[in-house]
Amino acid sequence: ESILSYLRDEYEKGTSAFREVESLRVQLRVQGELIERLQNERREIDAILANAFKAQEDERATIDALKYELECAYAKLSERDSLLQGQEELYNRRLALEMAEFKRRMENDLQSTRLESELQLLRAENDDLRRTKIIPDAAYLQAAWERDRPHS
(Lines give C-alpha, C1' and ligand atoms only; values in the text may rest on other atoms or scores of the structure.)
Protein backbone atom coordinates (compact mmCIF):
# COMPACT_ATOMS: atom_id res chain seq x y z
CA GLU A 1 0.00 0.00 0.00
CA SER A 2 2.70 2.39 0.70
CA ILE A 3 4.07 1.83 -2.78
CA LEU A 4 0.67 2.38 -4.17
CA SER A 5 0.22 5.49 -2.16
CA TYR A 6 3.68 6.59 -3.16
CA LEU A 7 2.89 5.94 -6.82
CA ARG A 8 -0.38 7.80 -6.48
CA ASP A 9 1.39 10.76 -4.90
CA GLU A 10 3.99 10.66 -7.63
CA TYR A 11 1.31 10.35 -10.25
CA GLU A 12 -0.53 13.30 -8.70
CA LYS A 13 2.71 15.28 -8.59
CA GLY A 14 3.42 14.35 -12.20
CA THR A 15 -0.08 15.25 -13.28
CA SER A 16 0.09 18.46 -11.31
CA ALA A 17 3.50 19.22 -12.80
CA PHE A 18 2.16 18.37 -16.26
CA ARG A 19 -0.80 20.70 -15.73
CA GLU A 20 1.54 23.38 -14.49
CA VAL A 21 3.80 22.90 -17.51
CA GLU A 22 0.76 23.05 -19.81
CA SER A 23 -0.46 26.13 -17.99
CA LEU A 24 3.00 27.70 -18.35
CA ARG A 25 3.03 26.71 -22.05
CA VAL A 26 -0.36 28.39 -22.56
CA GLN A 27 0.87 31.46 -20.67
CA LEU A 28 4.05 31.52 -22.79
CA ARG A 29 2.05 31.17 -25.97
CA VAL A 30 -0.33 33.95 -24.86
CA GLN A 31 2.61 36.12 -23.80
CA GLY A 32 4.37 35.33 -27.11
CA GLU A 33 1.25 36.39 -29.02
CA LEU A 34 1.01 39.49 -26.83
CA ILE A 35 4.68 40.26 -27.44
CA GLU A 36 4.20 39.74 -31.18
CA ARG A 37 1.16 42.03 -31.16
CA LEU A 38 3.09 44.63 -29.17
CA GLN A 39 6.01 44.35 -31.59
CA ASN A 40 3.63 44.83 -34.55
CA GLU A 41 2.05 47.82 -32.83
CA ARG A 42 5.53 49.14 -32.10
CA ARG A 43 6.43 48.80 -35.82
CA GLU A 44 3.21 50.58 -36.78
CA ILE A 45 3.92 53.35 -34.27
CA ASP A 46 7.50 53.62 -35.55
CA ALA A 47 6.17 53.85 -39.13
CA ILE A 48 3.63 56.51 -38.07
CA LEU A 49 6.35 58.46 -36.26
CA ALA A 50 8.71 58.14 -39.24
CA ASN A 51 5.95 59.43 -41.54
CA ALA A 52 5.17 62.23 -39.09
CA PHE A 53 8.86 63.21 -38.92
CA LYS A 54 9.11 63.05 -42.71
CA ALA A 55 5.97 65.17 -43.03
CA GLN A 56 7.40 67.61 -40.49
CA GLU A 57 10.67 67.79 -42.44
CA ASP A 58 8.71 68.31 -45.66
CA GLU A 59 6.72 71.07 -43.96
CA ARG A 60 9.93 72.67 -42.72
CA ALA A 61 11.37 72.48 -46.23
CA THR A 62 8.16 73.98 -47.61
CA ILE A 63 8.21 76.70 -44.96
CA ASP A 64 11.87 77.42 -45.72
CA ALA A 65 11.12 77.57 -49.45
CA LEU A 66 8.15 79.87 -48.83
CA LYS A 67 10.28 82.00 -46.54
CA TYR A 68 12.94 82.26 -49.27
CA GLU A 69 10.30 83.16 -51.88
CA LEU A 70 8.88 85.76 -49.51
CA GLU A 71 12.33 87.25 -48.93
CA CYS A 72 12.93 87.36 -52.71
CA ALA A 73 9.55 88.99 -53.27
CA TYR A 74 10.30 91.52 -50.52
CA ALA A 75 13.69 92.28 -52.10
CA LYS A 76 12.04 92.78 -55.50
CA LEU A 77 9.38 94.94 -53.90
CA SER A 78 12.05 97.04 -52.17
CA GLU A 79 13.92 97.35 -55.47
CA ARG A 80 10.73 98.39 -57.27
CA ASP A 81 9.95 100.83 -54.48
CA SER A 82 13.41 102.37 -54.89
CA LEU A 83 12.91 102.57 -58.66
CA LEU A 84 9.49 104.13 -58.18
CA GLN A 85 10.93 106.67 -55.77
CA GLY A 86 13.62 107.50 -58.32
CA GLN A 87 11.01 107.80 -61.05
CA GLU A 88 8.86 109.96 -58.79
CA GLU A 89 11.83 112.23 -58.10
CA LEU A 90 12.54 112.48 -61.83
CA TYR A 91 8.87 113.17 -62.51
CA ASN A 92 8.80 115.86 -59.81
CA ARG A 93 11.94 117.49 -61.24
CA ARG A 94 10.51 117.36 -64.75
CA LEU A 95 7.22 118.77 -63.50
CA ALA A 96 9.06 121.58 -61.71
CA LEU A 97 11.00 122.36 -64.91
CA GLU A 98 7.83 122.31 -66.98
CA MET A 99 6.08 124.56 -64.45
CA ALA A 100 9.02 126.98 -64.52
CA GLU A 101 8.96 126.94 -68.34
CA PHE A 102 5.19 127.48 -68.32
CA LYS A 103 5.55 130.35 -65.85
CA ARG A 104 8.30 131.91 -68.00
CA ARG A 105 6.13 131.59 -71.11
CA MET A 106 3.15 133.07 -69.30
CA GLU A 107 5.30 135.97 -68.10
CA ASN A 108 6.66 136.39 -71.65
CA ASP A 109 3.14 136.22 -73.07
CA LEU A 110 1.95 138.73 -70.48
CA GLN A 111 4.89 140.99 -71.20
CA SER A 112 4.33 140.51 -74.94
CA THR A 113 0.64 141.39 -74.51
CA ARG A 114 1.61 144.46 -72.48
CA LEU A 115 4.16 145.46 -75.12
CA GLU A 116 1.60 144.83 -77.87
CA SER A 117 -0.91 147.03 -76.05
CA GLU A 118 1.70 149.75 -75.59
CA LEU A 119 2.64 149.42 -79.27
CA GLN A 120 -1.01 149.75 -80.29
CA LEU A 121 -1.34 152.83 -78.06
CA LEU A 122 1.82 154.32 -79.56
CA ARG A 123 0.55 153.61 -83.09
CA ALA A 124 -2.77 155.18 -82.25
CA GLU A 125 -0.98 158.21 -80.83
CA ASN A 126 1.27 158.28 -83.87
CA ASP A 127 -1.76 158.06 -86.18
CA ASP A 128 -3.44 160.85 -84.20
CA LEU A 129 -0.31 162.96 -84.44
CA ARG A 130 -0.02 162.28 -88.16
CA ARG A 131 -3.63 163.17 -88.79
CA THR A 132 -3.45 166.36 -86.83
CA LYS A 133 -0.14 167.35 -88.40
CA ILE A 134 -0.85 166.12 -91.92
CA ILE A 135 -4.27 167.64 -92.25
CA PRO A 136 -3.05 171.23 -91.67
CA ASP A 137 -0.05 170.53 -93.86
CA ALA A 138 -2.31 169.22 -96.62
CA ALA A 139 -4.63 172.22 -96.25
CA TYR A 140 -1.65 174.55 -96.30
CA LEU A 141 -0.27 172.80 -99.38
CA GLN A 142 -3.60 172.94 -101.14
CA ALA A 143 -3.99 176.64 -100.39
CA ALA A 144 -0.49 177.29 -101.57
CA TRP A 145 -1.12 175.35 -104.72
CA GLU A 146 -4.31 177.22 -105.43
CA ARG A 147 -2.54 180.49 -104.87
CA ASP A 148 0.55 179.62 -106.91
CA ARG A 149 -1.24 177.90 -109.71
CA PRO A 150 -1.03 179.63 -113.00
CA HIS A 151 -4.38 180.98 -114.00
CA SER A 152 -5.11 180.43 -117.57
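Please read these numbers as outputs of a predicted model, since none were measured by experiment.

## Remarks on the overall build of the chain
Here is step 1 of the chain: Summing up its helical and strand segments, the chain has one helix and zero strands in all.
Here is step 2 of the chain: In terms of C-alpha radius of gyration, the chain reaches 63 Å, well past the compact-globule figure of 15 Å for 152 residues.
Here is step 3 of the chain: Along the three orthogonal principal directions, the C-alpha set of the chain runs to about 215 × 25 × 20 Å.
Here is step 4 of the chain: The 152 residues of the chain split such that 1% are buried.
Here is step 5 of the chain: Accessible area of the chain: about 14800 Å², with a carbon and sulfur share of 58%.
Here is step 6 of the chain: Positive and negative charge centroids in the chain, built from 25 and 33 side chains respectively, lie 6 Å apart.

## Here's the deal with the pattern of salt bridges
Here is step 1 of the chain: With the rule as written, the count across this model stands at 10 salt bridges.
Here is step 2 of the chain: The partner of E33 in a salt bridge is R29, and the shortest N-O contact between them spans 4.0 Å. Pair noted here: E33 and R29 are both in helix α1 (residues 2–148), with a separation of four residues, about one helical turn.
Here is step 3 of the chain: Judged by relative accessible area, E33 falls into the partly exposed class, the value being 44%.
Here is step 4 of the chain: Taking the shortest distance from any N to any O, the salt bridge between E89 and R93 comes out at 3.9 Å. Here E89 pairs with R93, and both are found in helix α1, just four residues apart, close to one helical turn.
Here is step 5 of the chain: For R93, a relative accessible area of 52% gives the class exposed.
Here is step 6 of the chain: It is possible to trace a salt-bridge network through shared partners that takes in E101, R104 and R105.

## Re a nonpolar patch on the surface
Here is step 1 of the chain: Nonpolar side chains collect at one region of the surface, where I3, Y6 and L7 lie side by side and expose about 350 Å² of accessible area between them.
Here is step 2 of the chain: The residue L7 is located in helix α1 in this model.

Each value, and the rule that gives it
Residues numbered from 1 in each chain as written. Predicted model: local features only at pLDDT ≥ 70, side-chain atom pairs only at ≥ 80, totals over all residues. Heavy atoms only, no water. Helix = DSSP H or I, 4+ residues; strand = E, 2+ residues; numbered from the N terminus. Rg over C-alpha atoms; globule rule 2.2 N^0.38 Å. Buried < 20%, exposed > 50% of the residue type's maximum accessible area, 1.4 Å probe, protein only. Areas by Shrake-Rupley, 256 points an atom, 1.4 Å probe, with all protein chains shown as cover. Lys, Arg positive; Asp, Glu negative; His and termini not counted. Charge placed at Lys NZ, Arg CZ, Asp CG, Glu CD. Salt bridge = Lys/Arg side-chain N within 4 Å of Asp/Glu carboxyl O. Patch = residues over 30% accessible without salt bridge, like charges linked within 9 Å, V, L, I, M, F, W, Y side chains within 5 Å.

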